[in-house]
Amino acid sequence: MTQQNADTTTPATALATTTSPMDSPTSRSRRQWLKGMSLAAGSLMIPLSASWLASPEAHAAGDNLVEINDWIRIDADGTTVLGLSQCEVGQGVYTGLPQVLADELDADWRRVRVEFVTGRDAYRTAAANEALQQFVGASMSATLFYERLRIAGAQAREALVSVAARRFGVRTTNCVTRDGRVMHPQSGRSFGYGELVAEAAKLPLNPHPRLKNEAAHALIGKSVARLDTPSKVDGSAVFGVDVKVPDMLVGAIRMAPTSGGAPLSVRNRDEIKARKGVHDVVLAKDAVIVVAEDYWRAKKACDALDVEWKAGPAADSATILAQRREALLHAKGGVATHIGDAKELIAAGGKVVTGEYHSPYIVHATMEPVNATVHVRKDKGEIEVWGPIQGQDKVRWALGGIFKLPPEKVIVHTTFLGGSFGRKYVPDFVIHAAVASAAVGRPVKVIRSREDDIRHGFYRPCASGRFQAVLGNDGLPKAMHMRVAGQSMYNVIKKDHYEKAGYDETMLDGLYDLAYAVPNLLVEGVDVPQPNIPVSFMRSVGSTSSVFFLESFIDEMAEAAGVDPIDYRKRLLRHDPLATRVIDTTVSSAGWHAKAKPGVHRGFGYCTYTGRGAAFSTYVAIALEMRVVNDRFKIERVVCGVDCGRAINPNLIRANIEGGIGFALTNAFKSQITFANGSVEQSNFGDYPLLYLAEMPKVETVILPSDRPPQGCGEVSLPPMAPAVAQAIRRATGVRARAMPLPQTVTEARALATAASSPSPSPSEKGRV
């Protein structure tokens, strides 16, 4: 959608996300960068995507950096600045990716600093079926940038060695590199990289440099301490809410009370504008923004607004659940996988197993609510953006389209992200700040309140699944038919591709590319549109639902066959030795060959997590132990075995696995967004609770050695957690929980079992959507 009039201060913009591909970039010199702006002088940890061209502040701090390639700059004193194109959302790329670059460069790790960079094709990747763009998502940073950064580091190292060898008067093969120096061992002479960089930067880059062998790596594979920890501890790290730019104002926002609603007028607009420190009251398509000298004044004025709203459609959770159930039974589905004669074999009868499963809408609930600072400079024909941006090019396309500017005229500075999990990929919050800035003619930081952040998120879609199988004489499925119904993510994925295919692949994660061996298989996806409920990517995307459905159904088939559920999985995975290795290692590490201690109930889940577009495959298994404490289910221990390829930094992998398990337990036990009369019923952590620290189990991560390239690990521990918990609940109570959020107590589990046996759904069941 486009802005009504970029030169007015009247209601300005629609907030639909643009997915139009970026205009073809003008040919540029490899050393030409988007003009940037530094917010702090000389700080090593201020993560701004500024120009490699040294700012006045950097000159004042003594920097005289020379660029060798898209990723590396070196000062005369040997200080090495490494570019980071991937935003740091807590996953550790601020350390892990520079490790790869520095290792191949043979940089002195003690003299390395990291800066976020943006605006070049070198920083862009293509997600599955989508335009080339700079973004972070789908756990693909390590996979897609590992080789790219190794080449960049090796290119620079070769150039530096070439210059040093010429000065030594020897062949390059007589030179070695270590800790930011090129040495000639035979003569004992050496040069620091800073002494060589000016000349090295003039040499052509070798597109195919020789990479180190594994034994020569000094950083890759090591548990290097995180580079961003000191700044996050001492408070110097800059998050979006910390941004300050000259002449900046601050905006507070009031979103429409219903999803799809819009402001018609502000009845007391003049009164609000007359308040001390208030500059303007700006109407956007779905919100009203009060712009003031500071956030407190803006927020107090925003709370006092008297707005006439146009209501959105009356979305209702019970109705949405009924629509999904109806779609599972009767709607035509898009066929994602069709092998053999699954429907016919199931219809023929035999030992047929059927299960129906449900998962709710959930919201990202990041600790830092969405915010952005934007300066729309109409006189210069450019826009500058600062903030926690997960999709830099998404911002360029959106603002460029609204304000009729080429995308390269939108300058994006990336700060640290106080959590994202996919939320800050969608630029709606940046558009709000741009609308406010265009209205007042100054840079404006707009901060969304926690309540509006939860009530107006881009939600992980709800889903329902109906799974059927007929078992053979060996107890294994001869045929399976899996149908999933839910709201597609056509608003953020490339719609024409999925409409042509007839299904949204994110809804069928782990199903259409089923890891288990089933000779006759039919997988279908059914879109149940909810036009006024915005949805988007969330950590592990559709796998949180689909793997819960699948693994729960595997348990049901194993029980029907009278086979141990772990052995059942191994039989279905005997064609894949990497999968069975992970399962065996996890079970052994958990000590499950011995009988469980009294009062301990075990649960197990497995997932082959495939990255978008088959970018990677990570094998992960979860073995957990649960007790019942004062009627409540308490997960005490989780062992997670993971094969995610070569480990760049084992500490970062463990952190991702542990954080994912905490995230998954929140989703499994607590998270759900419900709608009534078009409005979201939850508003803050009081009614959308997170896992408490006391509820976090002991986590033991077992990283299996691998000679495969690095695979994704940021999302992989989420999918198998909920089914593992459900299996433990089954063993503790005899109740099979088929809907998330799962019951948190024995009493609740038994009540659900009673309700499930009644002829019509109980109110508690209706709420579980």
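Described below are features of the structure shown in this document. (Residues numbered from 1 in each chain as written. Predicted model: local features only at pLDDT ≥ 70, side-chain atom pairs only at ≥ 80, totals over all residues. Heavy atoms only, no water.)

## Side note on the overall build of the protein chain
Secondary structure assignment for the protein chain yields 20 helices and 29 strands. The buried share among the 769 residues of the protein chain stands at 61%. When contacts within the protein chain are restricted to residue pairs at least 6 apart in sequence, long-range pairs at least 24 apart make up 75% of them. (Helix = DSSP H or I, 4+ residues; strand = E, 2+ residues; numbered from the N terminus. Buried < 20%, exposed > 50% of the residue type's maximum accessible area, 1.4 Å probe, protein only. Contact = heavy atoms within 4.5 Å.)

## A closer look at the sheet that holds strand β3 (residues 80–84)
Read across the sheet, four strands follow the order β1-β2-β3-β4 without closing on themselves; strand pairing throughout is mixed. At either margin of the open sheet sits one strand with a lone partner, and together these are β1 (66–69) and β4 (112–116). Going from strand to strand, the sheet's axes swing by 30 degrees on average, the running direction of each strand aside. With five bridges connecting them, β3 and β4 associate as parallel partners. Across the sheet, the residue bridging to L84 is F116, located in β4. Each of β2 (72–74), β3 and β4 touches helix α2 (residues 93–105); the most contacted strand, β3, lies at about 125 degrees to it. (Pairing = 2+ DSSP bridges. Axes fitted to C-alpha atoms, helices over the stretch in contact; angles between N-to-C directions.)

## Re the environment of K212
Examined against the element boundaries, K212 turns out to sit in the loop between α4 (193–200) and α5 (229–234). Overall, the relative accessible area of 13% leaves K212 in the buried class. Separated by 107 residues in the primary sequence, K212 and L105 have C-alpha atoms spaced 9.8 Å apart. Among all residues touching K212, those that are not within four sequence positions of it are D103, E104, D106, R150, R157 and H217. A polar atom in the side chain of K212 sits 2.6 Å from the backbone oxygen of D103. (Polar contact = N/O pair within 3.5 Å; in protein donor to acceptor, adjacent residues only side chain to side chain.)

## Some words on the sheet that holds strand β7 (residues 176–178)
Spatially, β7-β8-β9 is the arrangement adopted by the three strands of the open sheet, whose pairing is antiparallel. Strands at the two margins of the open sheet, each flanked by one partner only, are β7 and β9 (189–192). Each strand axis lies, on average, 25 degrees off the axis of its neighbour in the sheet, ignoring direction. Sheet topology places strand β8 (residues 181–184) next to β9; four bridges connect them, and they run antiparallel. By the bridge assignment for β9, M183 is matched with S190. Running over the sheet, α4 touches β7, β8 and β9 and is turned about 70 degrees from β9.

## Observations concerning the nonpolar core
Membership of the largest hydrophobic core comes to 114 residues, with the highest contact counts inside it found for L624 and L742. Both domains that meet at this core, namely domain 1 (65–230) and domain 3 (331–361 + 460–754), each give it at least three residues. Among the nonpolar cores identified, the runner-up in size contains 47 residues, and A107, V114, F116 and L227 belong to it. (Core = buried A, V, L, I, M, F, W, Y, C linked by side-chain atoms within 4.5 Å. Domains from an automatic or database assignment.)

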